[in-house]
Amino acid sequence: MKFGVVGCAGRMGRMLLREVLTSRDRGCELVGAVAREGSSVLGHDAGILAGLDPCNVRVEDDPVPLFADADAVLDFTTPTATRRFSALAAQGKTIHVIGTTGLSDGDENALRKAARHTPIVQAANMSLGVTLLEALVERVARTLGDEYDVEILEMHHRRKVDAPSGTALALGRAAAAGREVALDEKAVRSRDGQTGAREAGAIGFAALRGGDVVGDHTVIFAGDGERLELTHKASGRDIYARGAVRAALWAHGRKPGLYTMRDVLDL
Ligand code: NAD
């Protein structure tokens, strides 16, 4: 299967190159790597960029030939770039695996349109563990109901600028889905001072920041006399790249549509 990576100079882009180049035994071949115009890595060998041996694929700045040639393109870039890439994926009938976060409603609509022509797999967290955690949280929330208070705790490195994390919010949505309520109506995203007692049915969030923590998430179901805690800890960003390659392999030969990692894992 022929792979391309867009945004290949980024932190995730380099991880994705590495994952594709080290997955030859699974039938993966890197055919192109694209960085933004003016990038200092244009013309560099993609293997070297990934910290591996040269692979004879040079970094280009034009994504059009890549989307025409590749079977699948892995995209962890920016919302504006991803929107443009999804139109190219639709034209080329190329599988588009999207890890980019912060997409607007307009961007999401554009993806839905593109997905009429080609398979798109999109997830704010491509790790297999977090995908499983989301499914487990939904299941547990459905079984335990409102009598168990849901609190979601996350910790990330000191450079992270937003809170709660996108993954914490996705876990909140999973809990809300299990209870058949809308997260927006139940979320309590911060507490300070005289907050009053906890409201029944609330889904609470707490964020810790420090050090080089890649991403820890715990969902707590606190009842009378017992507490159930489900935890995921990421120790490296390679888990997201591994999930992305797995998603592309899964999407090969599928009908056009907008899929999630839960579809990939058949959850
Ligand atoms: P980064 O800033 O290191 O990399 C983004 C790269 O995209 C940059 O190199 C930038 O030059 C490039 N880019 C932007 N526009 C482009 C264009 N038009 N053409 C080609 N390249 C372009 O950021 P990062 O840490 O690698 O994260 C990238 C995205 O992936 C973010 O949205 C982040 O939140 C998301 N992310 C998702 C997951 C997941 O599992 N879904 C995991 C980690 C990060």
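The structure reproduced in this document is the subject of the present report. (Residues numbered from 1 in each chain as written. Predicted model: local features only at pLDDT ≥ 70, side-chain atom pairs only at ≥ 80, totals over all residues. Heavy atoms only, no water.)

### A closer look at a positive patch on the surface
Quick reminder of the rule: Patch membership requires more than 30% relative accessible area and the absence of a salt bridge. Residues of like charge join within 9 Å; the nonpolar side chains Val, Leu, Ile, Met, Phe, Trp and Tyr join within 5 Å. Accessible surface is estimated by sampling points in the Shrake-Rupley manner with a 1.4 Å probe; for residues, cover comes only from the protein chains shown. We define a salt bridge as a contact between a side-chain nitrogen of Lys or Arg and a carboxyl oxygen of Asp or Glu at a distance within 4 Å. Only four residue types enter the charge count: Lys and Arg as positive, Asp and Glu as negative, with His and the chain ends excluded. Here the site of a charge means NZ on Lys, CZ on Arg, CG on Asp, or CD on Glu. Each helix is a run of H or I in the DSSP string that is no shorter than four residues. Each strand is a run of E no shorter than two, and both are numbered from the N terminus. Only protein chains enter the accessibility calculation, which uses a 1.4 Å probe; a residue is then buried when its area is under 20% of its type maximum, exposed when over 50%, and partly exposed in between.
On the surface, Arg11, Arg158, Arg159 and Arg237 cluster together into a positively charged patch. Locating Arg237 in the fold gives a position in the loop between strand E11 (227–234) and helix H9 (238–251). Relative accessible area serves as the criterion here: at 31%, Arg237 is assigned to the partly exposed category.

### Observations concerning the sheet that holds strand E10 (residues 215–222)
Rules: Following DSSP output, two strands are said to pair if at least two bridges run between them.
The five strands are arranged E8-E9-E7-E10-E11 in an open sheet whose pairing can be described as mixed. Lying at the two open borders of the sheet, with one neighbouring strand each, are strand E8 (187–188) and E11. With seven bridges joining them, strand E7 (residues 149–156) and strand E9 (residues 203–209) adopt parallel strand pairing. Its bridge partner lying in E9, Val150 is registered against Ile203.

### Overview of the site of the ligand
We apply this condition: Here a residue counts as near a molecule or strand whenever at least one of its heavy atoms sits within 4 Å of it. We call two N or O atoms a polar contact when they sit within 3.5 Å, provided that within protein one can donate a hydrogen and the other can accept it, with sequence-adjacent residues counted only if both atoms are side-chain atoms. Any residue that is not Ala, Val, Leu, Ile, Met, Phe, Trp, Tyr, Cys, Pro, Asp, Glu, Lys or Arg is counted as polar, Gly included; the first ten are nonpolar and the last four charged.
For the ligand, the set of nearby residues contains 21 residues, the closest of which are Arg11, Met12, Thr101, Met126 and Arg237. Between Ala124 and the ligand, the recorded distance is 3.0 Å, taken from a backbone N or O atom to a nitrogen atom. The fraction of the free accessible surface of the ligand (860 Å²) that becomes covered by protein chains is 76%. Mapped by element, the contributors of at least two residues to the shell around the ligand are helix H1 (11–21) and helix H4 (79–92). Here the residues of the shell around the ligand sort into 10 nonpolar, eight polar and three charged.

### Focus on the side chain of His157
The condition that has to hold: Here, two residues are considered to be in contact whenever any of their heavy atoms come within 4.5 Å of each other.
Locating His157 in the fold gives a position in the loop between E7 and helix H7 (166–179). Apart from residues lying up to four places away in sequence, His157 is in contact with Arg209, Gly210, Gly211, Asp212, Val213 and Val214.

### Remarks on the packing of aromatic side chains
Test applied: Think of it this way: a Phe, Tyr or Trp ring, Trp meaning its six-membered ring, pairs with another when their centres are within 6.5 Å, and the plane angle makes it stacked under 30 degrees, edge-to-face over 60, tilted otherwise.
Following the criterion strictly, the structure yields two aromatic pairs and no others. Summarising the aromatic geometry, the rings of Phe67 and Phe85 are spaced 5.7 Å apart at their centres and angled 20° between planes, so their arrangement reads as stacked. Residue Phe67 is found in helix H3 (residues 63–69), and its partner Phe85 is found in helix H4; the two are separated by 18 residues along the sequence. Accessibility expressed as a relative area gives 1% for Phe67, which makes it buried. Overall, the relative accessible area of 8% leaves Phe85 in the buried class. For the pair Trp250 and Tyr259, a centre-to-centre distance of 5.0 Å together with 80° between the ring planes defines the contact as edge-to-face. The buried category is assigned to Tyr259, whose relative accessible area is 17%.

### Regarding the layout of surface pockets
We count it as follows: In this analysis a 1.4 Å probe is tested at points of a 1 Å grid over the protein atoms alone, and where it fits but cannot get out there is a cavity; an open set with protein on both sides within 12 Å along at least five of seven lines is a pocket; lining residues have an atom within 4 Å of a point. Grid points are joined across faces, edges and corners, and a volume is the space filled by probe spheres set on the points.
The computed volume of the second largest pocket comes to approximately 220 Å³. Val188, Ala197, Arg198, Glu199 and Ala202 are the residues nearest the centre of the second largest pocket, which is lined by 14 residues in total. Secondary structure elements with two or more residues in the lining of the second largest pocket: helix H8 (183–186) and E8. Of the residues in the lining of the second largest pocket, the class split is five nonpolar, four polar and five charged.

### A look at H7
To keep things clear, this is the line we draw: The span expected for a helix works out to 1.5 Å for each residue beyond the first.
Under the 1.5 Å per step criterion, the end-to-end length of H7 is 20 Å for 14 residues, consistent within 8% with the ideal 20 Å. The element H7 is extensively covered by neighbouring structure, given that 11 of its 14 residues are classed as buried. Every buried residue of H7 is accounted for by Thr167, Ala168, Leu169, Ala170, Leu171, Gly172, Ala174, Ala175, Ala176, Gly178 and Arg179. Tucked inside the fold, the buried residues of H7 contact helix H6 (128–144), E7, H8, E9, E10 and helix H10 (261–264).

### Description of the sheet that holds strand E4 (residues 72–75)
The criterion, for reference: Helix axes use the C-alpha atoms of the stretch in contact, all axes being lines fitted to C-alpha atoms, and the angles between their N-to-C directions lie in the range 0 to 180 degrees.
The sheet built from seven strands is open, its strands ordered E3-E2-E1-E4-E5-E6-E12 with parallel pairing. Looking at the sheet topology across the chains shown, the edges are occupied by strand E3 (59–60) and strand E12 (257–259). Against the sheet, H1 engages strand E1 (2–6), strand E2 (29–34) and E4, with an angle of about 165° to E2. Together, E1, E4 and strand E5 (95–98) form the strand contacts of H4, whose direction differs from that of E5 by roughly 160°.

### Points about unusual backbone geometry
Put simply, Ala163 and Pro164 share a cis peptide bond, and its omega is -5°. With a phi angle near 65°, Asn56 is a residue other than glycine that sits in the positive phi range. Relative to the elements of secondary structure, Asn56 occurs in the loop between helix H2 (46–49) and E3. For Asp266, which is not glycine, the phi torsion reads 60° and is therefore positive. Note that Asp266 resides in the segment after H10.

### What about H6?
Over its 17 residues, H6 runs 24 Å from end to end, which matches the ideal 24 Å to within 8%, given 1.5 Å per residue. Taken as a whole, H6 has its buried residues at Val130, Thr131, Leu133, Glu134, Ala135, Val137, Glu138, Val140 and Ala141. Buried residues along H6 sit in contact with H7, E10, E11 and H10. Positive backbone phi, approximately 70°, marks Gly145, located one or two places after H6.

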